[in-house]
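Inside the fold
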Protein chains: 2
Amino acid sequence: MRDAPKDLYERVLKGDRRAAARLITMVENGDRDAREVLRMLHSRTGRAHIVGLTGSPGSGKSTLACRLAQGYRAAGKTVGVICVDPTSPFTGGALLGDRVRMQELAGDPEVFIRSMGSRGALGGLSVATNDVINILDAFGKDLVIVETVGAGQVEIEIVKYAHTCCVVTMPGAGDEIQAIKAGILEIGDVFVVNKADREGAQRTLADLEMMLETRPGGPGDWKPPVVATVALEGEGVDELERAIERHSAHLLESGMMAEKTEQRMKAELLGILDLMVSREAGRALEEGEGKELVRRMAERQIDPHSAAEEVVKYLLKRAGN
Amino acid sequence: MRDAPKDLYERVLKGDRRAAARLITMVENGDRDAREVLRMLHSRTGRAHIVGLTGSPGSGKSTLACRLAQGYRAAGKTVGVICVDPTSPFTGGALLGDRVRMQELAGDPEVFIRSMGSRGALGGLSVATNDVINILDAFGKDLVIVETVGAGQVEIEIVKYAHTCCVVTMPGAGDEIQAIKAGILEIGDVFVVNKADREGAQRTLADLEMMLETRPGGPGDWKPPVVATVALEGEGVDELERAIERHSAHLLESGMMAEKTEQRMKAELLGILDLMVSREAGRALEEGEGKELVRRMAERQIDPHSAAEEVVKYLLKRAGN
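Cut-offs and rules
Residues numbered from 1 in each chain as written. Chains lettered and ligands numbered in written order. Predicted model: local features only at pLDDT ≥ 70, side-chain atom pairs only at ≥ 80, totals over all residues. Helix = DSSP H or I, 4+ residues; strand = E, 2+ residues; numbered from the N terminus. Buried ≥ 20, exposed ≤ 12 C-beta atoms within 10 Å, placed from the backbone. Contact = placed C-beta atoms within 7 Å. Expected span 1.5 Å × (residues − 1). Axes fitted to C-alpha atoms, helices over the stretch in contact; angles between N-to-C directions. Parallel < 35°, antiparallel > 145°, perpendicular 65-115°, else oblique. Left-handed = near helix turned anticlockwise from the far one by under 90°. Nonpolar A, V, L, I, M, F, W, Y, C, P; charged D, E, K, R; others polar. Pairing = 2+ DSSP bridges. Domains from an automatic or database assignment. Core = buried A, V, L, I, M, F, W, Y, C linked by C-beta atoms within 7 Å.

**Description of the overall build of chain A**
If you tally the helices and strands in chain A, you get 13 helices and 7 strands. Burial statistics for chain A: of 321 residues in total, 52% are counted as buried. Counting only contacts in chain A whose residues sit at least 6 apart along the sequence, the fraction spanning at least 24 positions is 75%.

**Things to note about helix α2 (residues 17–28) of chain A**
Residues and elements named next belong to chain A. Under the 1.5 Å per step criterion, the end-to-end length of α2 is 17 Å for 12 residues, consistent within 8% with the ideal 16 Å. Buried residues of α2: Ala19, Ala20, Leu23, Ile24, Met26, Val27 and Glu28, and no others. As for α2, its buried residues are in contact with α1 (5–13), α3 (32–41), β3 (111–117) and α6 (125–138). Two residues or fewer past α2, Gly30 is found with a positive phi of approximately 70 degrees.

**Points about the packing of α2 of chain A against α3 of chain A**
Residues and elements named next belong to chain A. Interhelical geometry of α2 versus α3 gives an angle of 120 degrees and a closest axis separation of 8 Å. As summarised for this structure, α2 and α3 are arranged oblique, according to the angle between their axes. Note on packing geometry: the crossing formed by α2 with α3 is left-handed. On α3, the residues that touch Leu23, Met26 and Val27 of α2 are Asp33, Ala34 and Val37. Residues belonging to the contact of α2 with α3 are distributed by class as follows: 5 nonpolar, no polar and 1 charged.

**Comments concerning the sheet that holds strand β5 (residues 164–169) of chain B**
Residues and elements named next belong to chain B. If you walk across this open sheet you meet the 7 strands as β3-β2-β4-β1-β5-β6-β7, and the pairing is parallel. The open sheet has two edge strands with one neighbour each: β3 (111–117) and β7 (226–228). Neighbour-to-neighbour, the strand axes of the sheet open up by a mean angle of 20 degrees, direction not taken into account. In this sheet, β5 lies alongside strand β1 (residues 49–54) in parallel orientation, the contact comprising 4 bridges. From the neighbouring strand, Thr54 faces β5, where its bridge partner is Val167. Its contacts with the sheet place helix α4 (residues 61–74) against β1, β2 (79–85), β3, β4 (143–148), β5 and β6 (190–193), and it is angled at close to 175 degrees to β4.

**Digging into the domain arrangement of chain A**
What the domain assignment lists for chain A is domain 1 (1–44), domain 2 (45–254) and domain 3 (270–320). Listed per partner, the contact involves 5 residues of domain 2 of chain A and 4 residues of domain 3 of chain A.

**Here's the deal with unusual backbone geometry**
Most peptide bonds are trans, and most residues other than glycine sit at a negative phi. Residue Lys195 of chain A is not a glycine yet carries a positive backbone phi of 55 degrees. Locating Lys195 of chain A in the fold gives a position in the loop between β6 (190–193) and α9 (201–213). Since 24 C-beta atoms lie within 10 Å of it, Lys195 of chain A is described here as buried. Backbone geometry at Arg300 of chain B places phi at a positive 60 degrees, although glycine is not the residue there. Structurally, the position occupied by Arg300 of chain B is in the loop between α12 (288–298) and α13 (304–320).

**A few points about the sheet that holds β3 of chain A**
Residue and element names in this part refer to chain A. As summarised here, the arrangement of the 7 strands in space is β3-β2-β4-β1-β5-β6-β7, forming an open sheet in which the pairing is parallel. Both outer strands of the open sheet, β3 and β7 (226–228), are each paired with one neighbouring strand and no more. The average undirected angle you get between the axes of adjacent strands in this sheet is 20 degrees. Here 7 bridges tie strand β2 (residues 79–85) to β3, and the two strands are oriented parallel to one another. Its bridge partner lying in β3, Val81 is registered against Ile113. Running over the sheet, α9 touches β5 (164–169), β6 and β7 and is turned about 170 degrees from β7.

**Points about the pairing of strand β1 (residues 49–54) of chain A**
Residues and elements named next belong to chain A. Across the 6 residues of β1, 6 count as buried, placing the element largely inside the fold. By the alternation rule, side chains of β1 split into His49, Val51 and Leu53 and Ile50, Gly52 and Thr54, which are all buried. Pairing between β1 and strand β4 (residues 143–148): 5 bridges, direction parallel. By the bridge assignment, His49 is partnered in β4 with Leu143.

**Looking at the pairing of β5 of chain A**
Residues and elements named next belong to chain A. Along β5, 6 of the 6 residues are buried, which leaves the element largely enclosed by surrounding structure. Residues Thr164, Cys166 and Val168 line one face of β5 and the alternating positions Cys165, Val167 and Thr169 line the opposite face, and both faces are buried. Here β5 pairs with β6 via 4 bridges, running parallel. Paired with Val168 across the strands is Val192, a residue of β6.

**Topic: the nonpolar core**
Ranked by size, the top nonpolar core spans 172 residues in total, and within it Leu23, Ile145 and Leu269 of chain A together with Leu23, Ile145 and Leu269 of chain B carry the most contacts. Not counting residues within four places of it along the chain, the set of residues in contact with Leu23 of chain A comprises Leu8, Val12, Ala34, Val37 and Ile135 of chain A.

**Quick notes on the environment of Pro224 of chain A**
All names here are of chain A. Mapped onto the elements of the fold, Pro224 is located in the loop between α9 and β7. The buried category is assigned to Pro224, around which 20 C-beta atoms lie within 10 Å. For the pair Pro224 and Glu213, spaced 11 residues apart in sequence, the C-alpha to C-alpha distance is 9.6 Å. Other than its neighbours up to four places away in sequence, Pro224 contacts Gly188, Asp189, Val190, Phe191 and Leu212.

See the structure below:
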């Protein structure tokens, strides 16, 4: 049975969980009706604060996401949690293997949890994730926590959609610190050393603080705090909540929020655009001039970079008619 | 000091390792001259057989890639190895942490090894990887082995560039088998159960074979073999080599090679196109109508999907002038 877009839209706005879950599944399946509902919902978005949690597997992000959600609930806020694992083909309502802890939360009607893998959103996981953020925002969640695995491209893309990005590491993770240094030092608004009851925690905290000292002063002059947590015991989670809150307040006071929103919009727009063009171009290569171009490439008569320029010309010509 | 494209082109064709390494670094840095060299090299590609190795971390793909390379060398063939880790920001000549074993190989002048992380190829790791495949092909390598971590999107994209895709798993990896079932059963030409001296190997082999029974018959009716290996000891690697060789022969005899080549060309073309459009569109949003569109999105006057359509129109109009 199919739901009419208008009907689904109204049910999501009313806070109907099943309607929201249904809409998210439609997004993952690339359903055209879902896009129609998203169009309608867009004017109702922009209220939620979006928190990104990133860091390598094993750093305890899932548990941390869970504790954060519990903390926000205790403060009377409603929460959405999206667990994104681009290395997993699994998706949908089922929680991923090591996310059993999330089930503690799942009984609370004011918490909405969703796992997303790469399967249902081929070629567009970050676009699909952002669509789900928007759905949970329109659905009325005060906070949307997006937890992603690893520090690869997809994760960094997804972080662009967050207002506050928390980078999670743990003691003794030497390589991890190197990775942060090389790649994601710039994207963190708050840094977390989780499992801080382990040996070497002080050292890791000190290392991180030193690295942040040398980080070029970002816009609005925010100095990212480093927070120690033991998520399993719930320790330090309140401090992390306060750090996120301070960052949120800083965004508003410094006028940075407008810039952040603009960045989010650009990332969203470019993601959708990429998907559109890929689909269009993919179709173009199946017929006529496009097909001929692929044949010439295979026979080494034209190199791929020149061929790509030809496809652009061809698409333009076709669009012009 | 910069190298002239023509000079670099000639040195790569002559088998100058330093020139090849230099060109690869230029590719990773998005150097415009690199594209010029790639254009020139394109007519000299198409000779190498490209073998993809994919599977989760821990399945021993690195060791397997190393053993395969040693086997090919023993048979008098020249080999290129590309280690792609989209979750690592590291890149360049330095070998990744757990790839010390590769250093055994690195002394052989007929073996060319390169690690690629996400850092140098922002937004275009799969395009950069394919460029490196083409460089090693033109450089004269008989075989190019591309090893990728995990089963996410980037990995699946990179597999599209291979002639023979080997999916590596290990005994008792129940989740792993599930992942293969859900996502990458379709993309494997050869399946490998590595660490086959561990408990449960027979079970894993049997499970895989059963799953492959129910796989819809692919084009050209290739039945993917399942090979047991203990890469650390070099066991079963010769069998894997023969399986890859049989697949290669099958591609030629069945006429499937032409189709495979066409697929590779399409993937290459679409990858480059995506990058081109992203750059173009990114610039468009920084000025005039594009900038205005982002402002309207931020104020919720227009939804992102509609805005993306506007950008396409704008880009077309601008290109038409």
